[in-house]
Amino acid sequence: MAIRTRQALLSSPGGQLKLVSHVQVPAPGPGMLLCRTAAEDFALRIPPEWTFEQGATLGVVVATAGLAISTYLDIPLPFPDAKDNLDANHSGANPDLSEYVLVSGGATVTGMIAIQLLRLSGFQPVATCSPSSMELVRSLGAVATFDYRSPTCAADIKTFTGDSLQRALDCVTSAETMSMCYAAISSSTGGRYVALDPVSLHVKYTRRDVSADWVLALSMFGTPVKLAGVYGRPASPALRELAAKIFFMAEGLIVRGVLREPIFQVREGGLGAVEMGIEELRRGGTHGKLVYPLADFRYPGSSSR
């Protein structure tokens, strides 16, 4: 879910943003507001040819994918100071030399960003999705796709990877998808598994050679996450620093044309329609990200764009 706004931003002295920059910004906490402050180092300056609706599809999804890949799967991201592994056509990685990474839910918004970041990092993403999404997922850089509904899905992945898979990102995070990922991970070496929600303890302890964890995007702000139960997290300045690097990296990749936005639909109705959209997503009645434009809001002196 994304709310598209047209707010201008003022930079801090020496900062990267100017008044009326063409930007997208995530903000901590609930997003059901017409206007709120946001961190400068989490701002994504989008190209002039991008619409605000395109920009609204990024933000938290960039942080989620980036933190999951870098922190939990221990994969170096394609930061500006790193040597590029890949050109814009996803042709730079050598399938004989680079490692496979499983993305469960490759057609989810996080999965679509994760696949691109993995290819740009020189890895070989394999993904699960529905047959209707396979062409899209491959166009983003997946070297192979598998039908998540197939009873032989995990076995097929294991065969394709030669039982060498050591890393899995589960963008669906159900007991079923976690079991599938566990079954696909190498039986000889074990590996790492990261999810986007708390993991099933029943599945987690079926394999002691697999390290399982989950990522909470709100941790990126570096402040304590004051939510109940397993969702509460202590402050982590290190995650704040890493998240800022991830946004700066993503901005550069977008400008170069090697990072595409996830698929999305623009919906009318503003904030009043968001609740219906959330329910539609829960029922699985739509695909991709939903973007709800708000009524124009402009600071004094800002342009009409």
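Because the structure is predicted, anything quoted here is derived from the model rather than measured. (Residues numbered from 1 in each chain as written. Predicted model: local features only at pLDDT ≥ 70, side-chain atom pairs only at ≥ 80, totals over all residues. Heavy atoms only, no water.)

K.L.:
I'm lost on the overall build of the chain in this one. Help?
P.N.:
In terms of regular secondary structure, the chain is built from 9 helices and 11 strands. The proportion of buried residues among the 305 residues of the chain is 51%. Sequence separation of 24 or more characterises 63% of the internal contacts of the chain that already satisfy a separation of 6 or more. A total accessible area of about 14300 Å² is found for the chain, and carbon and sulfur atoms account for 55% of it. (Helix = DSSP H or I, 4+ residues; strand = E, 2+ residues; numbered from the N terminus. Buried < 20%, exposed > 50% of the residue type's maximum accessible area, 1.4 Å probe, protein only. Contact = heavy atoms within 4.5 Å. Areas by Shrake-Rupley, 256 points an atom, 1.4 Å probe, with all protein chains shown as cover.)

K.L.:
Hey, could you run me through helix 8 (residues 237–256) in this one?
P.N.:
The α-helix winds at 3.6 residues per turn, so residues separated by three or four positions along the chain end up facing the same way. Given a rise of 1.5 Å per residue, 20 residues ought to cover 28 Å, and the 29 Å separating the end C-alpha atoms of helix 8 matches this to within 8%. Of all the residues in helix 8, the buried ones are Leu239, Leu242, Ala243, Ala244, Ile246, Phe247, Met249, Ala250, Glu251, Leu253 and Ile254. Contacts made by the buried residues of helix 8 are with strand 3 (44–45), helix 2 (60–72) and helix 3 (109–120). Where helix 8 terminates, the next one or two residues include Gly257, which has phi positive at roughly 80°. (Expected span 1.5 Å × (residues − 1).)

K.L.:
Please clarify how the nonpolar core should be interpreted in this entry.
P.N.:
Nonpolar side chains in soluble globular proteins generally cluster together in the buried interior. Phe42, Leu58, Val62, Leu117, Leu169, Met220 and Ile246 are the most contacted members of the largest nonpolar core, which totals 55 residues. Within the residue set of this core, elements represented by two or more residues are helix 2, strand 4 (100–104), helix 3, strand 5 (124–129), helix 4 (134–139) and helix 8. Top contributing element to this core by residue count: helix 8, with 10 residues. Counting 25 residues, the second largest nonpolar core, distinct from the first, contains Tyr100, Phe146, Leu165 and Cys181. (Core = buried A, V, L, I, M, F, W, Y, C linked by side-chain atoms within 4.5 Å.)

K.L.:
What exactly am I supposed to notice about the environment of Ile46 here?
P.N.:
Considering the arrangement of structural elements, one finds Ile46 in the loop between strand 3 and helix 1 (52–56). A C-alpha to C-alpha distance of 9.8 Å links Ile46 and Ala250, two positions 204 residues apart in sequence.

K.L.:
Can you help me understand the packing of aromatic side chains in this one?
P.N.:
Geometrically, a pair of aromatic rings is defined through the distance of the ring centres and the angle of the planes. Inspection of every chain in the model, using the stated rule, returns 6 aromatic pairs. Between Tyr100 and Phe160 the ring centres are 5.5 Å apart and the planes differ by 65°, which places this aromatic pair in the edge-to-face class. In this pair, Tyr100 sits in strand 4 while Phe160 sits in helix 5 (residues 153–160), placing the two residues 60 residues apart along the sequence. Residue class for Tyr100 comes out buried when judged on its relative accessible area of 15%. Note on Phe160: relative accessible area 37%, which makes it partly exposed. In textbook terms, an aromatic cluster arises when at least three aromatic residues are bridged by ring pairs, as seen for Phe42, Phe221 and Phe247. Sitting over the face of the ring of Phe42, Arg240 holds its NZ or CZ atom 4.6 Å from the ring centroid. (Phe/Tyr/Trp six-rings, centres within 6.5 Å; stacked < 30°, edge-to-face > 60°. Lys NZ or Arg CZ within 6 Å of the ring centre and 35° of its normal.)

K.L.:
How should I be thinking about the packing of helix 2 against helix 3 in this particular structure?
P.N.:
Helix-helix packing is described using two parameters, namely the angle between the two axes and the distance between the axes. Across the interface, helix 2 lies against helix 3 with an axial gap of 9 Å and an inter-helix angle of 55°. Taken as axis vectors, helix 2 and helix 3 run oblique relative to one another. For the crossing formed where helix 2 meets helix 3, the hand is right-handed. Packed against helix 2, whose contacting residues are Val61, Thr64, Ala65, Gly66 and Ile69, the element helix 3 presents Val109, Thr110, Ile113, Ala114, Leu117 and Leu118 at the interface. Considering only residue class, the contact of helix 2 with helix 3 consists of 8 nonpolar, 3 polar and no charged. (Axes fitted to C-alpha atoms, helices over the stretch in contact; angles between N-to-C directions. Parallel < 35°, antiparallel > 145°, perpendicular 65-115°, else oblique. Left-handed = near helix turned anticlockwise from the far one by under 90°. Nonpolar A, V, L, I, M, F, W, Y, C, P; charged D, E, K, R; others polar.)

K.L.:
When you look at the sheet that holds strand 5 in this model, what are you seeing that I'm missing?
P.N.:
Two modes of strand pairing occur in sheets, parallel and antiparallel, and in both the strands are linked by backbone hydrogen bonds. Here 6 strands make up an open sheet; going across it, the order is 6-5-4-7-8-9 and the pairing parallel. Among the strands making up the open sheet, the edge pair consists of strand 6 (144–147) and strand 9 (210–214). Along the sheet, successive strands turn relative to each other by an average axial angle of 20°, direction set aside. Its contacts with the sheet place helix 6 (residues 175–184) against strand 4, strand 5, strand 7 (167–170), strand 8 (191–195) and strand 9, and it is angled at close to 165° to strand 4. (Pairing = 2+ DSSP bridges.)

K.L.:
Help me out: how do you make sense of the environment of Arg167 in this one?
P.N.:
Counting through the fold element by element, Arg167 comes out in strand 7. Assessed through its relative accessible area of 13%, Arg167 is described here as buried. The spatial distance from the C-alpha of Arg167 to the C-alpha of Val194 is 8.3 Å, given a sequence separation of 27 residues. In contact with Arg167, not counting residues within four places along its chain, are Leu73, Asp74, Ile75, Glu99, Tyr100, Val101, Leu102, Phe123 and Arg192. Within polar-contact distance, the side chain of Arg167 engages the side chain of Glu99 at 2.3 Å. (Polar contact = N/O pair within 3.5 Å; in protein donor to acceptor, adjacent residues only side chain to side chain.)

K.L.:
Would you explain the side chain of Thr110 in this entry?
P.N.:
By the secondary structure assignment, Thr110 is in helix 3. Setting aside anything within four residues of it in sequence, one finds Thr110 in contact with Val61, Thr64, Ala65, Cys171 and Leu196.

K.L.:
What exactly am I supposed to notice about unusual backbone geometry here?
P.N.:
Apart from glycine, the bulk of residues carry a negative phi angle, and the bulk of peptide bonds sit in the trans form. Positive phi values are uncommon outside glycine, yet Asp74 reaches one of about 60°. By the secondary structure assignment, Asp74 is in the loop between helix 2 and strand 4. On the basis of relative accessibility, which here comes to 45%, the residue Asp74 falls in the partly exposed class. Although it is not a glycine, Asp163 sits at a positive phi angle of roughly 55°. With respect to the secondary-structure elements, Asp163 resides in the loop between helix 5 and strand 7. A relative accessible area of 21% places Asp163 in the partly exposed class.

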